[in-house]
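Remarks on the overall topology
Chain residues, written in single-letter form:
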Amino acid sequence: MADREGNQDAKEYHIDKPQQNEVFGLRGCNSLDWGIKNRLSNIFDPKTGRTVMLAVDHGYFMGPTTGLERIDINIVPLLPYADTLMCTRGILRSVIPPTFNKGVVLRASGGPSILKELSDENIAMDIEDAIRLNSAAVAVQVFIGGEFETRSVHNFTRLVDAGLRYGVPVLAVTAVGKDMARDAKYMRLATRICAELGATYVKTYYVEKEFETVTASCPVPIVMAGGKKLPELDALTMAYNAIQQGACGVDMGRNIFQSDAPEAMLQAVRKVVHEDMKPKQALELFETLKNQKK
């Protein structure tokens, strides 16, 4: 039992100082519940408000694509350099060390393989399993303009409801199929719909013209998708431009694990995202780290 006299000398009430209520600075997220904001703090660096996500969830529809044949050999050594890992629950349970203490974003939608119509997805995991796995967020594909657009939107909104119920952020991933235009007009449409329907943050592709209008018109954070493998300077330039034009981070996969020096590339991307390092400087860093590794 506590000492009844232990509180008699308490006097440091700082009556002259109003209580401090720290504003959660991540775009559009200050009014969210404490649990969601706490999880977001494991995705976005509180110092910069930005994130470098390492995406390795491609296998859920592509199988063991180049660079992801062995997650334990190719990806686990990269984990110290990423702010967040985006993967499936199968990979998380079977390969990722439980000592990994950064944010994990779990792919929560799925269904068809690359052999079928990709927009024909359903919810592929229960929110309770995401909580059981201590995930920082769940991710769902949204196919605006796709054949199964409405179903993908309903998949997404069902996860938003579950996420709000349990305090789990939901990342909406805007899918661009073969028949969808990769331009600012489409990206504005897709990202805004996702935000309006409750996405905590949105992942979308970079477009060279008017990308700043995409980030400006989306009231929640946008993270740039890395897309197909590019030459290192091109990938670093794309990341730099996206950040300078309003993105709150990048989610790169193939441009990291398909690089001939993945650790060096991931560290260079970190400098671009968190320190605004110019692309050519970041490429020099990449080359230096690559040669040191050799």
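Before going into details, it helps to say that this report is about the structure given with it. In this text the structure is predicted, and so the values were computed from the model without any measurement. (Residues numbered from 1 in each chain as written. Predicted model: local features only at pLDDT ≥ 70, side-chain atom pairs only at ≥ 80, totals over all residues. Heavy atoms only, no water.)

This part is about the overall build of the protein. Secondary structure summary: the protein contains 12 helices and 10 strands in total. For 294 residues, the compact-globule formula gives about 19 Å, and the C-alpha radius of gyration of the protein, at 20 Å, lands near that figure. Here the C-alpha coordinates of the protein stretch approximately 70 × 50 × 40 Å along the principal axes. Long-range contacts, defined as pairs at least 24 residues apart, comprise 66% of the intrachain contacts of the protein with a sequence gap of at least 6. Total accessible area on the protein is roughly 15100 Å²; 49% of this is exposed by carbon and sulfur atoms. In the protein, which carries 35 positive and 36 negative side-chain charges, the distance between the mean positions of the two groups comes to 3 Å. (Helix = DSSP H or I, 4+ residues; strand = E, 2+ residues; numbered from the N terminus. Rg over C-alpha atoms; globule rule 2.2 N^0.38 Å. Contact = heavy atoms within 4.5 Å. Areas by Shrake-Rupley, 256 points an atom, 1.4 Å probe, with all protein chains shown as cover. Lys, Arg positive; Asp, Glu negative; His and termini not counted. Charge placed at Lys NZ, Arg CZ, Asp CG, Glu CD.)

For the rest of this paragraph, the subject is helix α12 (residues 279–293). A rise of 1.5 Å per residue sets the reference length of α12, with its 15 residues, at 21 Å; its end C-alpha atoms lie 21 Å apart and thus fit the reference within 8%. Among the residues making up α12, those that are buried are P279, A282, F286, L289 and K290. Each buried residue of α12 lies within a common arc of 105° when the element is viewed along its axis, so the set occupies one face. Structural note: α12 exposes K280, E284 and Q292 on the side pointing more than 90 degrees away from its buried face. Its buried side turned inward, α12 meets α9 (232–244) and α11 (262–275). (Expected span 1.5 Å × (residues − 1). Buried < 20%, exposed > 50% of the residue type's maximum accessible area, 1.4 Å probe, protein only. Arc of directions from axis to C-beta.)

Next up on the list: unusual backbone geometry. If a residue is not glycine, its phi is most likely negative; likewise, a peptide bond is most likely trans. Positive phi, normally seen in glycine, also occurs at N134, with a value near 60°. A positive phi angle, close to 65°, is found at E210, a residue other than glycine. Among the structural elements, E210 can be located in the loop between β8 (201–205) and α8 (211–217). Judged by its relative accessible area of 44%, E210 is partly exposed.

Moving on: a nonpolar patch on the surface. A surface patch of nonpolar side chains, about 310 Å² in accessible area, is lined by I114, L115 and L118. Relative to the helices and strands, I114 resides in the loop between β4 (109–110) and β5 (122–123). (Patch = residues over 30% accessible without salt bridge, like charges linked within 9 Å, V, L, I, M, F, W, Y side chains within 5 Å. Salt bridge = Lys/Arg side-chain N within 4 Å of Asp/Glu carboxyl O.)

Soluble globular proteins tend to pack their nonpolar side chains together in the buried interior. Counting 76 residues, the largest nonpolar core has I75, L85, F156, M252 and V269 as the members making the most contacts within it. Setting aside residues no more than four positions away along its own chain, V269 makes contact with V52, L236, V250, M252 and I256. If you look at the next biggest cluster of nonpolar residues, it comprises 18 residues, including I36, I43, F44 and M53. (Core = buried A, V, L, I, M, F, W, Y, C linked by side-chain atoms within 4.5 Å.)

As summarised here, the arrangement of the eight strands in space is β1-β2-β3-β6-β7-β8-β9-β10, forming a closed barrel in which the pairing is parallel. The average angle at which neighbouring strand axes cross in this sheet is 25°, direction not considered. Relative to strand β6 (residues 137–142), helix α6 (residues 149–166) is tilted by about 165°, and along the sheet it contacts β6 and β7 (170–174). (Pairing = 2+ DSSP bridges. Axes fitted to C-alpha atoms, helices over the stretch in contact; angles between N-to-C directions.)

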